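Spelled out, the chains give:
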2 protein chains.
Amino acid sequence: MAARVTRGRRPGAPDTRAEVLAAARASFGEKGFRGTTIRGVASAAGVDPALVHHYFGTKDDLFIAALQIPVDPREVMAPVVAAGPDGAGERLLRTFLGVWDDPEVQPGLLAVARSMMSDDTAGLVRDAFLPVVVGPVLAALVRDRPEVRIPLVASQVVGIIVARYVVAFPAMAQMPAEDLVARIGPVLQHYLTGDLP
Amino acid sequence: MAARVTRGRRPGAPDTRAEVLAAARASFGEKGFRGTTIRGVASAAGVDPALVHHYFGTKDDLFIAALQIPVDPREVMAPVVAAGPDGAGERLLRTFLGVWDDPEVQPGLLAVARSMMSDDTAGLVRDAFLPVVVGPVLAALVRDRPEVRIPLVASQVVGIIVARYVVAFPAMAQMPAEDLVARIGPVLQHYLTGDLP
């Protein structure tokens, strides 16, 4: 930290933000979501905790920033969440495919998905991705037992990501989005609100 | 090839088999499944086509060998296939989880799964994995329209692999196998034999 001060860098310079983000990624990866604190990240980056809050907001926000997803799933899914559980399976999938099929956004999402499936980053994602990133989106849409329903929804959606975009099996990659919505949307609805053992 | 002969290596020596496999992997990756021939692989490896057949069987068998999966899905799934479409969703998933949850086999499967999701190997898998590896297993279990049903089954099963084993979200990794069978098995059954748009 002393070295940083003597280099004359101002807090708030562009590379300070990047250093905070790097410290956050390191901390989430090493200590997990629960073990990471804004204070600890600030200390590792040699800045004031208030600056971390200023740049990134809450710890949830910092985690989402650390994942470096090109879109914030909470924002993208806000209209789906607002419309409530009826028909949510199809709406959720239509919105999701709209983002992923967008050629402007897809390369960035694909990079995140590949990185999540590598050994290095899996730890960053493992503990907190469902509760922090996916949970808030789906919490308003599940009928009950979020601890059962959310992983089931996630397993089907992750499978679409991998089969359609990452490995890109032709039969999945070429299936029109509306066919996927019609065929898999009801399954997501079942996972969200149907009778489950 | 001449160089190999002068080095005095016999066809059938252990490293010949490995060279044929390497040539097969390169060919499937570069030319795709259709563009690959036993003759071409044999030529690239400097051996007789009959030796490739002797080692690996058909082109389908060679492809499965090239994927380096620790178990042959066709063998593992044979009892599920033999039992027919009724209840196949749950049986398929129970068998699948039995293999993946086996600590002896899981590391090898995980290595293949990670490699399939990397840029390098995706091409090897992209065109032929569903028709050659998954197709023969599921063909006897789908009611009709295999080109629609098989990718849907694959998308859900791939999602289980990634969510439970590759990224290993705790909520999925810790869900008892029989709970998964009870909750996702009916969805697989729906994809195999249910009414689909």
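Residues numbered from 1 in each chain as written. Chains lettered and ligands numbered in written order. Predicted model: local features only at pLDDT ≥ 70, side-chain atom pairs only at ≥ 80, totals over all residues. Heavy atoms only, no water.

## What about the pattern of salt bridges?
Following the criterion strictly, the structure yields 14 salt bridges over all chains and no others. Each of R143, D144, R149 and D195 of chain A takes part in a single network of salt bridges with overlapping partners. (Salt bridge = Lys/Arg side-chain N within 4 Å of Asp/Glu carboxyl O.)

## What about the UniProt feature "DNA-binding region" (unreviewed entry) in chain A?
Residues annotated in UniProt with the feature "DNA-binding region" (unreviewed entry) correspond here to residues 37-56 of chain A. When the span residues 37-56 of chain A is considered, its composition is 80% helix and 0% strand, and the gap between its end C-alpha atoms is 13 Å. (UniProt positions renumbered as here; feature names shortened; annotations may be inferred. Helix = DSSP H or I, 4+ residues; strand = E, 2+ residues; numbered from the N terminus.)

## Comments concerning helix α11 (residues 129-139) of chain B
For α11 of chain B, the tally of buried residues reaches eight of eleven residues, placing the bulk of the element in the interior. Here α11 of chain B has its buried residues at F129, L130, V132, V133, V134, G135, V137 and L138 of chain B. (Buried < 20%, exposed > 50% of the residue type's maximum accessible area, 1.4 Å probe, protein only.)

## Examining the interface of chain B and chain A
Tallying the contact residues gives 40 residues for chain B and 40 residues for chain A. Buried surface at the junction of chain B and chain A, summed over both partners, amounts to about 3,200 Å²; 68% is from carbon and sulfur atoms. Sorting the residues of chain B by area buried against chain A places M117, F169 and R183 of chain B first, and these three jointly supply 19% of that buried surface. Where chain B touches chain A, the interface holds zero salt bridges. Counting every contact that joins chain B to chain A gives ten residue pairs in polar contact (both at pLDDT 80 or more). Here the side of chain B that touches chain A takes twelve residues from helix α12 (residues 146-166) of chain B, the largest share from any one element. Considering only residue class, the side of chain B that touches chain A consists of 28 nonpolar, five polar and seven charged. (Contact = heavy atoms within 4.5 Å. Buried area = accessible area lost by both parts, 1.4 Å probe. Polar contact = N/O pair within 3.5 Å; in protein donor to acceptor, adjacent residues only side chain to side chain. Nonpolar A, V, L, I, M, F, W, Y, C, P; charged D, E, K, R; others polar.)

## Structural notes on the domain arrangement of chain A
Residue and element names in this part refer to chain A. Taken domain by domain, chain A comprises domain 1 (2-67) and domain 2 (73-193). Using only C-alpha atoms to locate each centre, domain 1 and domain 2 end up separated by 28 Å. Residue-level contacts link eleven residues of domain 1 with twelve residues of domain 2. Approximately 950 Å² of surface area, both sides summed, lies buried where domain 1 meets domain 2, with 73% of it carried by carbon and sulfur atoms. Its largest share of buried area at the contact with domain 2, domain 1 owes to F63, I64 and L67, together 54% of the area lost on that side. Applying the counting rule to domain 1 against domain 2 returns one salt bridge. The shortest N-O distance in the salt bridge between D61 and R74 comes to 2.7 Å. The interface formed by domain 1 and domain 2 holds one residue pair in polar contact (both at pLDDT 80 or more) in total. Among the secondary structure elements, those contributing two or more residues to the side of domain 1 that touches domain 2 are α2 (14-35) and α5 (59-67). (Domains from an automatic or database assignment.)

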